[in-house]
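Results of the structural survey
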2 protein chains.
Amino acid sequence: MSSPYELKWGFLACGGIAETFAKDLLIPPSTRDVTTIKHTIVGAATSNSLSRAASFLKNINAPEEAQPYATYHDLVTSPSPTIIYISSPHSHHYQHIRLCLEAGKHVLCEKAFTANAAQCSALIALAREKGLFLMEAQWTRYFPLTEWLRKAALPRIGRISRVNADLSIGKMDFDATHRMLNPDLAGGGLLDLGVYSLSWVFLGLYKGARPAVAGSAVEKHPTTGVDVMTSILLDFGEGRHAFATCGMRTSSDPDGKGSAGPCVTFQGERGDVLLFSPTSRPTRARVVLTDGTVEEKEFRPPGPGEGSGWYNGFGGEVNPEGEGHGMFYEADECAFAIRDGRLEGRGMGLAETLDLLRVCDEVREKHGVRFPERVETLEYPLKE
Amino acid sequence: MSSPYELKWGFLACGGIAETFAKDLLIPPSTRDVTTIKHTIVGAATSNSLSRAASFLKNINAPEEAQPYATYHDLVTSPSPTIIYISSPHSHHYQHIRLCLEAGKHVLCEKAFTANAAQCSALIALAREKGLFLMEAQWTRYFPLTEWLRKAALPRIGRISRVNADLSIGKMDFDATHRMLNPDLAGGGLLDLGVYSLSWVFLGLYKGARPAVAGSAVEKHPTTGVDVMTSILLDFGEGRHAFATCGMRTSSDPDGKGSAGPCVTFQGERGDVLLFSPTSRPTRARVVLTDGTVEEKEFRPPGPGEGSGWYNGFGGEVNPEGEGHGMFYEADECAFAIRDGRLEGRGMGLAETLDLLRVCDEVREKHGVRFPERVETLEYPLKE
């Protein structure tokens, strides 16, 4: 047997989500029955602090060889990493993805992929020109739950006519400078939360053609002007409608136990498939068919297991002992793709990422939600 | 104690819904703790058959004194009835309501109230001019469940920011001449099913100002052109959004047991209130608060009770033995109003009925769903 393909990761930005991703990367792929690839963390950089990069690597128990870098530029121009995981604020994704691509690195970049579709389009062209792998970190698209949805569950309900998806967090009391509310960081519900709702809607109905935005409603923050609650009605044509919603006022899961019902619903001619909160990381699903069938399904991300003393999680959430967060699935896809010479992810290609951003653009334009020119621009690099 | 006020009902049209309403009327109001009014059925007419009117009265066990009439005109010009219950196809409501009002009768008319808002507006003016009571049979607005919603449940969730309501029946195989699909009968999902979804949405968010239709999507029937699936996004302003949906492709309740979640959701700052299918007659509700509270609530319509051998129900549905259908609540409101000299129902006034129809108009216009001129016209009476 040949040795597994090793994908060498560099981290551009070292915040909470980077920590969760890094911890997931360090779980042996064999725990999820993956034996032909492996992940190695070889470096990390923050925007301006070598010591914070070093602390990050220490904190996640990165291997000895992993290097902290003083700047993003140093990281991406180092020969060590093969791929860069970008988790800076989405206001900066265009600049950072370009930085990586220009340096010849493959890229996995967090959602929202860019601030607008024009930036995404330019990056797609650049990645193709350079022959580099580029993928939006739409991690839910690589969950076993999602594989089950595509291959087993959704086919059972027949033609899908409606998809409703909501990610609302029931929390608004952020400081105006917080990334959720700050236009300088491309803040607002749509690009932070709405991209999840849109992703589920697209999973159910997108067949390569951009849906029409049949309507949208947006409540803007009174001082910062970003969206605090957004509702989008999409028409995918031929009697296929979808609602993608997000916001900070209401909650997709008020009691945290799913008592208020599903956060995502796929409705077909023979029944529904439901996903339960969190929309950003569902582990529980239900199939309800018109023949009376009701089936519950649970997916727990694997990891070192109980008794391992190992924990992961994002934000305030900590998963049960020994349970991975589930980000390794998208990481595995990066490894498979780069090993095999593919330039896009199989769970969500760049055309879909682009069409999703076009929906966001259209909604923002309609309601005058615009970020500063430095965030929206195609200019690269930015003048200081 | 004075004797109860007696409201004398005439039936204009004698179909399935008239039968259910009539049976409900004949249940003693005391079964629902109502003692100050009573209902009497004094007459009925079909469009053209004295014998069918007679059969109807016999079938519902109407009192001996109840008279069949050969025509609607004969019914409404008879001195016997005080109020006419209209349950003809909604294509004909404008003509039939005018017929009643011109004859000096109070009116309770089924949903959709009229084919369009202009007709509704004309009828409101006429009813006011004549000093007559006029009410849309939005029966859900008079349920004890709805009283509980307004007074007890919704106040607990605080400011309401979102309401979603769906009434979809998962059945499309109607004949093209069936009222669901026939434009001559103002067919289609919107006016038959969507008015329920809109009514719940309005219950949660309407404060007297017409909401903006932020968008809509409609799938039209390939041959008859009526809507078979409709999705409406409403913006009530100040961060209050709603989705009202209806259709024949999907189902609000695929397994008939509510396993696919609620059909109506009110979302507030402190949690949600959910109603379970059927949207047209919910008996089950749930409150889910952000403090972890989860409360189930059930409302069974009263009636003669178990062991009575008495049944009621609409369409294919039969309620459990002894259980009323719940239409008597709206009938009681008619009696209270007319007794007290009120000209509108308290659960949903005519301004709200009109604004709801304006939403329907706007959606139909946007998607070119138009009924024949005879259905849309303000002309009265129609030339043969």
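Before going into details, it helps to say that this report is about the structure given with it. (Residues numbered from 1 in each chain as written. Chains lettered and ligands numbered in written order. Predicted model: local features only at pLDDT ≥ 70, side-chain atom pairs only at ≥ 80, totals over all residues. Heavy atoms only, no water.)

**Some words on the interface of chain A and chain B**
Interfaces are often sized by the amount of accessible area the parts lose when they come together. Across the boundary between the two partners, chain A contributes 45 residues, which contact 45 residues of chain B. Ranking the residues of chain A by area buried against chain B places Arg162, Phe243 and Pro254 of chain A at the top, with a combined share of 17%. The tally of links from chain A across to chain B stands at zero salt bridges. Taken together, the links from chain A to chain B amount to 11 residue pairs in polar contact (both at pLDDT 80 or more). Those elements giving two or more residues to the side of chain A that touches chain B turn out to be β7 (160–168), β8 (212–220), β9 (227–235), β10 (241–247), β11 (264–268), β12 (271–275) and β13 (284–289) of chain A. Grouping the amino acids of the side of chain A that touches chain B by side-chain chemistry returns 15 nonpolar, 18 polar and 12 charged. (Contact = heavy atoms within 4.5 Å. Buried area = accessible area lost by both parts, 1.4 Å probe. Salt bridge = Lys/Arg side-chain N within 4 Å of Asp/Glu carboxyl O. Polar contact = N/O pair within 3.5 Å; in protein donor to acceptor, adjacent residues only side chain to side chain. Helix = DSSP H or I, 4+ residues; strand = E, 2+ residues; numbered from the N terminus. Nonpolar A, V, L, I, M, F, W, Y, C, P; charged D, E, K, R; others polar.)

**What to know about the packing of aromatic side chains**
Within the structure shown, the criterion is met by 23 aromatic pairs over all chains. Ring geometry for Phe202 of chain B against Phe236 of chain B: centres 5.6 Å apart, planes inclined by 85°, an arrangement best described as edge-to-face. Residue Phe202 of chain B is located in helix α7 (residues 189–205), and its partner Phe236 of chain B is located in the loop between β9 (227–235) and β10 (241–247); the two are separated by 34 residues in the primary sequence. This pair shows no difference in class: Phe202 of chain B is buried, exactly as Phe236 of chain B is. Among the aromatic residues, those joined into a ring-pair cluster are Trp9, Phe11, Phe21, Phe56 and Tyr85 of chain A. The residue whose ring lies beneath Arg284 of chain A is Phe276 of chain A, and the NZ or CZ to ring-centre distance is 4.2 Å. (Phe/Tyr/Trp six-rings, centres within 6.5 Å; stacked < 30°, edge-to-face > 60°. Buried < 20%, exposed > 50% of the residue type's maximum accessible area, 1.4 Å probe, protein only. Lys NZ or Arg CZ within 6 Å of the ring centre and 35° of its normal.)

**Considerations on the packing of helix α5 (residues 117–130) of chain B against helix α9 (residues 350–367) of chain B**
All names here are of chain B. One way to put it is that α5 packs onto α9 with a least axis distance of 8 Å and a crossing angle of 160°. By the angle between their directions, the pair α5 and α9 is classed as roughly antiparallel. α9 is crossed by α5, and the crossing has left-handed handedness. In this structure, α5 contributes Ala117, Ala118, Cys120, Ser121 and Ile124 to the contact, and α9 contributes Leu350, Thr353, Leu354, Leu357, Arg358 and Asp361. Each residue belonging to the contact of α5 with α9 can be placed in one class, and the counts come to seven nonpolar, two polar and two charged. (Axes fitted to C-alpha atoms, helices over the stretch in contact; angles between N-to-C directions. Parallel < 35°, antiparallel > 145°, perpendicular 65-115°, else oblique. Left-handed = near helix turned anticlockwise from the far one by under 90°.)

**So, the sheet that holds strand β3 (residues 67–69) of chain B**
Residue and element names in this part refer to chain B. One open sheet accounts for six strands, arranged β3-β2-β1-β4-β5-β6; its pairing is parallel. Only two strands of the sheet have a single partner each, and these edge strands are β3 and β6 (134–136). The average angle at which neighbouring strand axes cross in this sheet is 25°, direction not considered. In the sheet, strand β1 (residues 5–12) pairs with strand β2 (residues 37–45) via eight bridges, with the strands oriented parallel. In the strand pairing of β2, Trp9 is matched with Ile41. Strand contacts of helix α2 (residues 50–59): β1, β2 and β3, with the helix running at about 150° to β3, the strand carrying the most contacts. (Pairing = 2+ DSSP bridges.)

**Describing the nonpolar core**
Judged by nonpolar contacts, the single largest core of 94 residues is most densely connected at Trp9, Phe11, Leu149, Leu198, Leu234 and Phe266 of chain B. If one sorts the elements of this core by residue count, α7 of chain B sits on top with 11 residues. When residues are assigned to domains, this core turns out to be shared by domain 1 (1–143 + 307–348) and domain 2 (144–300) of chain B, each giving three or more. Counting 92 residues, the second-largest nonpolar core is a separate cluster that includes Phe21, Val195, Ile232 and Cys246 of chain A. (Core = buried A, V, L, I, M, F, W, Y, C linked by side-chain atoms within 4.5 Å. Domains from an automatic or database assignment.)

**Examining the relation of the copies chain A and chain B**
By a simple turn and slide, chain A fits onto chain B: the slide is 0.0 Å along the axis, the RMSD is 0.0 Å, and the turn is 180°. Both copies are brought into coincidence by an operation consistent with a two-fold rotation axis. Distance from the rotation axis, computed per C-alpha, reaches its smallest value in chain A at Gly215 of chain A: 1.8 Å. Residue by residue, 100% of the interface of chain A is reproduced at the interface of chain B, so both copies engage with the same surface. (Least-squares fit on C-alpha atoms with pLDDT ≥ 70 in both.)

So, to be careful, I would describe these as geometric facts and stop short of saying anything about function.
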